[in-house]
Amino acid sequence: MAIAGRVTRRQLVMESLRRYWFKFSRSKLSVVGLAISLSTIVIAVFAEYLAPYPEHAGFYISFEDALQPPSWEHPFGTDEYGRDVFSRVLFGFRFSLKLAGVVLSIVIPVGVLLGLVAGYYRGRILDMAIMRVADIFIAVPPLVLALAITSLLGPSLVNAMIAVTLMWWPWYTRLTYNVVSSVRNEPFVIAAELAGAKPLRVMFREILPVIVGPILTKATLDVGWVILIGAALSFVGLGAQPPTPDLGTMVAEGIKYMPEYWWISIFPALAIAYIILGFNLLGDGVRDMFTE
Amino acid sequence: MAGEKKEALLEIRDLKVNYKVYKGTLKVLNGVELRVGKGERIGLVGESGSGKTTTLKSILRILPYNASIEDGRILYKGIDLLRADERVLNEVRRREIAMIFQDPMAALNPVFKVRDQLYDIIKESARGKLAKEEIEEIAYRLLKEVRLPDVERVMDSYPFQLSGGMRQRVVIAMALASARELLLADEPTTNLDVTIQDQILRLLADLTMKRNLSVILVSHALGMVRKMTDRTYVMYAGDIVEEGDSGEIFENPLHPYTQLLVETAPKLTGNWNPRGVPGRIPDYLNPPPGCRFHTRCPFAEQICREKKPPMIAVEGGKRVRCWLYYKR
Amino acid sequence: MAGRDPILRVERVKKYFKLSVGTVRAVDDVSFDVREGETFALVGESGSGKTTTGYMIMGIYAPTSGRILYKGTDISVPAHKRPAWVKREIQIVFQDPGTSLNPAKYVKDIVALPLVVNRLVEDSREIEERVARLLEAVELPPDIMYRKPRDLGGGEKQAVAIARALAAEPRFIVLDEPTSALDVSAQAKIVSLLMRLQRERRLSYLLITHDLSIVRNIATRVAVMYLGKIVEIGPVEKIFKNPLHPYTRMLLAAAPVILREEEELLPRDVIPVGEIPSAMNPPPGCRFHTRCPFVMDECRKIEPKLLEAEPGHYVSCHLYKEQPVSQ
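Once a new chain begins, its residue numbering starts again from 1 and follows that chain's sequence as written. The naming scheme follows written order: chains are lettered A onward, ligands numbered 1 onward. Under the rules for a predicted model, residues below a pLDDT of 70 receive no local features and side-chain atom pairs below 80 are neither given nor counted, while totals for whole chains, interfaces and linings still include all residues. Computation of side-chain values: all heavy atoms of the structure, hydrogens and water removed.

Draft legend 1. The interface of chain A and chain C, seen in detail. Residue contacts follow a heavy-atom distance rule, with two residues in contact if any of their heavy atoms lie within 4.5 Å. Tallying the contact residues gives 24 residues for chain A and 32 residues for chain C. Counting each side, the surface lost to burial between chain A and chain C is near 2500 Å², with a carbon and sulfur contribution of 61%. Salt bridges are defined by distance alone: a side-chain nitrogen of Lys or Arg within 4 Å of a carboxyl oxygen of Asp or Glu. In this structure, the connection of chain A to chain C is made through two salt bridges. Residue Arg19(A) pairs with Asp151(C) through a salt bridge whose shortest N-O separation is 3.0 Å. For the purposes of these results, a polar contact is taken to be a pair of N or O atoms within 3.5 Å, where, inside protein, one atom must be able to donate a hydrogen and its partner to accept one; residues adjacent in sequence count only when each atom of the pair is a side-chain atom. Across the contact surface, chain A and chain C share five residue pairs in polar contact (both at pLDDT 80 or more). It is helix H8 (residues 187-194) of chain A that provides the largest number of residues to the side of chain A that touches chain C, a total of six residues. In terms of residue class, the side of chain A that touches chain C is made up of 14 nonpolar, two polar and eight charged. Here the buried area means the combined drop in accessible surface, using a 1.4 Å probe, for two parts upon being joined, counting both sides. Only DSSP runs of H or I reaching four residues or more are called helices, and only runs of E reaching two or more are called strands; each is numbered from the N terminus. Three residue categories are used. Nonpolar comprises Ala, Val, Leu, Ile, Met, Phe, Trp, Tyr, Cys and Pro, charged comprises Asp, Glu, Lys and Arg, and polar comprises the others, including Gly.

Draft legend 2. Layout of the sheet that holds strand S3 (residues 39-43) of chain C. Residues and elements named next belong to chain C. Ordered in space as S6-S7-S8-S3-S9-S10-S12-S11, the eight strands form an open sheet in which the pairing is mixed. Edge strands, defined here as strands with exactly one partner in the open sheet, are strand S6 (90-93) and strand S11 (307-310). Taking each pair of neighbouring strands and ignoring which way they run, the sheet shows an average axis angle of 20°. In this analysis an axis means a line fitted to C-alpha atoms, helices contributing only their contacting stretch, and an angle means the value between N-to-C directions, from 0 to 180 degrees. Across the sheet, helix H10 (residues 246-254) is in contact with S3, strand S9 (221-226) and strand S10 (229-235); its angle to S9 comes to roughly 100°. Any two strands with at least two DSSP bridges between them are considered paired.

Draft legend 3. A look at the packing of helix H4 (residues 107-117) of chain C against helix H6 (residues 154-167) of chain C. Residues and elements named next belong to chain C. Remark: H4 packs on H6, axes separated minimally by 7 Å, with the N-to-C direction vectors making an angle of 25°. Taken together, the axis directions place H4 and H6 in an arrangement best described as roughly parallel. Remark: the crossing between H4 and H6 carries right-handed chirality. Between H4 and H6, the contacting residues are Val 107, Ile 110, Val 111, Pro 114 and Leu 115 on the first element and Val 160, Ala 163, Arg 164 and Ala 167 on the second. The class makeup of the residues in the contact of H4 with H6 is eight nonpolar, no polar and one charged. Throughout this description, any angle smaller than 35 degrees is read as roughly parallel, any larger than 145 degrees as roughly antiparallel, any in the 65 to 115 degree range as roughly perpendicular, and the remainder as oblique. Crossing handedness follows the turn of the near helix against the far one: under a right angle anticlockwise gives a left-handed crossing, and clockwise gives a right-handed one.

Draft legend 4. Region of interest: the interface of chain B and chain C. In this assembly, 40 residues from chain B lie in contact with 44 residues from chain C. Taking both partners together, chain B and chain C bury about 3600 Å²; carbon and sulfur atoms supply 56% of that area. The interface formed by chain B and chain C holds two salt bridges in total. Two residues, Arg226(B) and Glu263(C), come together in a salt bridge whose shortest N-O distance is 2.9 Å. Viewed at the interface, chain C and chain B are joined by 16 residue pairs in polar contact (both at pLDDT 80 or more). Every element with two or more residues in the side of chain B that touches chain C is listed here: helix H6 (164-178), helix H7 (194-211), helix H8 (222-228), helix H9 (246-249) and helix H10 (256-264) of chain B. Ranked by the residues each element gives to the side of chain B that touches chain C, the list is headed by H7(B), at six residues. Looking at the side of chain B that touches chain C residue by residue, the classes come out as 14 nonpolar, 14 polar and twelve charged.

Draft legend 5. Representation of the pairing of strand S9 (residues 231-236) of chain B. All names here are of chain B. Counting buried positions along S9 yields six of six residues, so the element is predominantly enclosed. Three exposure classes are used, based on accessible area relative to the maximum for each residue type with a 1.4 Å probe and protein chains only: buried under 20%, partly exposed in between, and exposed over 50%. Residues Arg 231, Tyr 233 and Met 235 of S9 are buried on one face, and the alternating residues Thr 232, Val 234 and Tyr 236, pointing to the opposite face, are buried as well. For strand S3 (residues 41-45) and S9, the ladder comprises four bridges, and the chain directions are parallel. Opposite Val 45, over in S9, you have Val 234 as the bridge partner. In this structure, S9 lies alongside strand S10 (residues 239-245), joined through six bridges in antiparallel fashion. Bridge pairing links Met 235 to Ile 240 in S10. Counting the residues in the hairpin turn of S9 and S10 gives two residues, including Ala 237, whose phi is positive at 45°.

Draft legend 6. How the structure looks around the environment of Arg202(B). Within the secondary structure, Arg202(B) sits in helix H7. When residues no more than four places from it in sequence are discounted, the contact partners of Arg202(B) are Ile271(C) and Pro272(C). Side-chain polar atoms of Arg202(B) contact the backbone oxygen of Pro272(C), separated by 2.8 Å.

Draft legend 7. Representation of the sheet that holds strand S11 (residues 312-314) of chain B in the model. All names here are of chain B. Taken in spatial order, the eight strands of this open sheet run S6-S7-S8-S3-S9-S10-S12-S11, and their pairing is mixed. Whereas interior strands pair on both sides, the edge strands pair on one side only; in this sheet they are strand S6 (97-100) and S11. Averaged over neighbouring strand pairs, the angle between their axes works out to 20° when direction is ignored. Where H10 meets the sheet, it contacts S9 and S10, and its direction lies at approximately 100° from that of S9.

Draft legend 8. Here's a closer look at the packing of aromatic side chains. Residue and element names in this part refer to chain A. Aromatic rings from Phe, Tyr and Trp, taking only the six-membered ring of Trp, are treated as a pair when their centres fall within 6.5 Å; an angle between ring planes under 30 degrees marks them as stacked, one over 60 as edge-to-face, and anything in between as tilted. Within the structure shown, the criterion is met by 27 aromatic pairs over all chains. Connected via pairs of aromatic rings, a cluster forms that spans Phe 76, Phe 86, Tyr 257, Tyr 261, Trp 262, Trp 263 and Phe 267. Only lysine NZ and arginine CZ atoms are considered, and such an atom sits over a ring when it is within 6 Å of the ring centre and within 35 degrees of the ring normal. Positioned above the aromatic ring of Tyr 120 is the side chain of Arg 184, whose terminal nitrogen or guanidinium carbon lies 4.2 Å from the ring centre.

Draft legend 9. Structural context of the pairing of strand S4 (residues 67-76) of chain B. Residue and element names in this part refer to chain B. Here strand S1 (residues 8-21) runs beside S4; their pairing, made up of eight bridges, is antiparallel. Across the sheet, residue Ile 12 finds its bridge partner in S4, namely Ile 74. As defined by bridge partners, S4 adjoins strand S5 (residues 79-80) across two bridges and the pair is classed as antiparallel. Its bridge partner lying in S5, Leu 75 is registered against Asp 80. Between S4 and the antiparallel strand that follows it, S5, lie two residues; Lys 77 among them carries a positive phi value of about 50°.

Draft legend 10. Geometry of the packing of helix H4 (residues 85-120) of chain A against helix H9 (residues 199-235) of chain A. All names here are of chain A. It is the contact of H4 with H9, at a shortest axis distance of 8 Å, that shows an interaxial angle of 145°. Crossing angle aside, the handedness with which H4 passes H9 is right-handed. For the contact of H4 with H9, a count of residues per class yields 23 nonpolar, two polar and one charged.

Draft legend 11. Main features of the pattern of salt bridges. Following the criterion strictly, the structure yields 57 salt bridges over all chains and no others. When the shortest N-O distance is used, the salt bridge between Asp156(B) and Arg115(B) registers 3.2 Å. Of the two residues, Asp156(B) sits in the loop between helix H5 (151-155) and H6 while Arg115(B) sits in helix H3 (residues 114-125), which places them 41 residues apart along the sequence. Between Arg9(C) and Glu11(C) there is a salt bridge, and its shortest N-O distance comes to 3.6 Å. Exposure remark for Glu11(C): the relative accessible area of 26% places this residue in the partly exposed category. Salt bridges here are not isolated pairs; linked through shared partners, they connect Arg9(C), Glu11(C), Asp33(C), Glu38(C), Arg67(C) and Arg221(C).

See below:
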């Protein structure tokens, strides 16, 4: 039987992309958020090409240039070792986004998978086991947990990532669990089960597509929050160690020179705010994309 | 006789309302004309998407943000509500016109007891300051009036502790507190069981009669409207297409759309031929010119495609917007 | 015409839900059978147990006691324990197509699901062809398969749900309030579609509804349920001509009608009052006695039995003890 106007996958994808873009772009702020987020990614990826003094990212000392205020040569001024703060901030984007990227790419699949399983088998042993463990992780104050882990493993960027990962996954499990619970007994799930669909299929092909909205929204917002927590860990000395150009570390280092040499701390701090602002606005747009 | 003789409490003239959506402008209401006499109960029926709720919401000016009133007047006691300032409008909303929605939970706050919510409304709608005892007395009287059993218990319940039927009764009591003139009811019984529906409708009919309240009841269920109103307006795609006595209009429908609606509804007599009205409600982006029903009408002629028919008075107080009844 | 042989038998089925606060007796000793090719209606208000009964037939849950037989095979077990042919032959159409169709999927994937999971199709080409044919059977154009449910009207969505049910080539379909979420016009289209499919494919239907005017027009036999019990059961003509149980009469009296001709059929001796009590603590004796206008002493104490009032027409009410009454 011939079907008039056969539709290709490509056309369908394009059509739904257009629809998503329409909903996303209804709010101008979302578009601004997208622009900011994209700019942070571009900076992170091309830091060595964009930075005027890429060698200032690591060990570099030039005392004659130390503590200079912002100028055309050094737009964000220089720090106590004479390094260009602007260049270091650009590299700071890279470390921050790396942290967020690594953490979220572990946390989201793991958290969502556990939440999906627990929500699907709601009320059974598996549900109890997963959710109680998640509760324990949620119950421990995040900084205490991070402190415990880093003091056990020693302060470093990698260990900070491990700490943030451990404190972050249960929130995805919780979120997924809640949304799965709300659709678990919807007729469309029952219909799939009655048709003979196996649990894995029901979880991944029926339930997951319906709940991507809230998960993606949270993921977008979390880019900012993970970076903030990472910066906080660095700030208290548990994250990246100097001379790594981590934004949190840079703020901490510069604190000693406040308020006379304010630019050493303030510009990295503004950079953190810029990233968080961008991803928060983007998150609002993502949320709009998934609401009718 | 239709309500021409009665003094009009509310009169809607040539109401046009558009909605802006991403595809363009939806031209929904296409010049709605409707009048409600003092103490008269009006029904407004039509398929979902025909503009019934938009009409109701226009009266209280509670349309969603993307709606715009393009034209028309809504005269209430001589004031044009569409042009009245917020203060007048709020006064009317607080004391004279109230609305009941399909879902009673939409009108009830889940975290307050019925008592607190009812007291608030009574206070709001009072002209002067009321003593605590007076408020209490009015509240008890209202709940008794809507025939709730065990008023004391209901007063101290949270909305979720009540059944759907009881919630709708509470909502009616609240509406009665602030509606001294006109009650707007939007599918007030759609989610309830049939025996509860019947009780609520009889209650509404009874109470509005006693208080000489006017009512506009919006529903897609013809039987509900027939049961509870004096006069019925049939709406199709943003136009009133027929008007007549509620007991008569379905007995001998004039407009081809009303005829199809009546034919389509299942009957207890059992000789039902379920066909459905062919086609679907037109796209409001590009509504058909002329009579909006001509795309689905079995009797459509050239003039129907070109010119919107006027409302034509037919014997027996009926009025119909259809070229078939136009006498040259 | 309906055959004589029952395709489905429900024998003394009970379903109790144990909750922390007590036991809900959702269905309490219900028996009936559905004959091949007929439409059997279960009527009652919410809380009557009609949907629970339908869900047990579907295997969404198993009965607490009693048996359900389908073509002689005991199916009183959850769906996943049933033989494949039973699962294929019994399908369901849910009340609200807004929730019974996955909002994130294309119509094609929704309708094809039963084919795909049971490996009844080879490749995507074949899926497309089969889906197009199923959509044709429910009078939808094939290009609708690349739309998502949100792009469709209520009637179209319900037609998609019917197409999905048809994909497994069923013999018996549970229709759970299939039109109560629809407008009159869409309702008429769906009902006429269901009637045509029944004729063409010799389907048997269990119609769960509260709408008596639909029952009157499409069902062959009807059981009226109240608080987990069948209070009256019989052929549709007999029950509508001579409704015996006060609850049946109350339901009829409440029916919204639009013609005078219909109004004359409504009982005038019963005025709808009260609400259905909780199934956790059903009233003793006759469960309807709290709302019944004809209540007598014994109604409060003794539970009435289902007795034959006229051939094929049974009622469970103390008013009709010895001599079956007719009007």
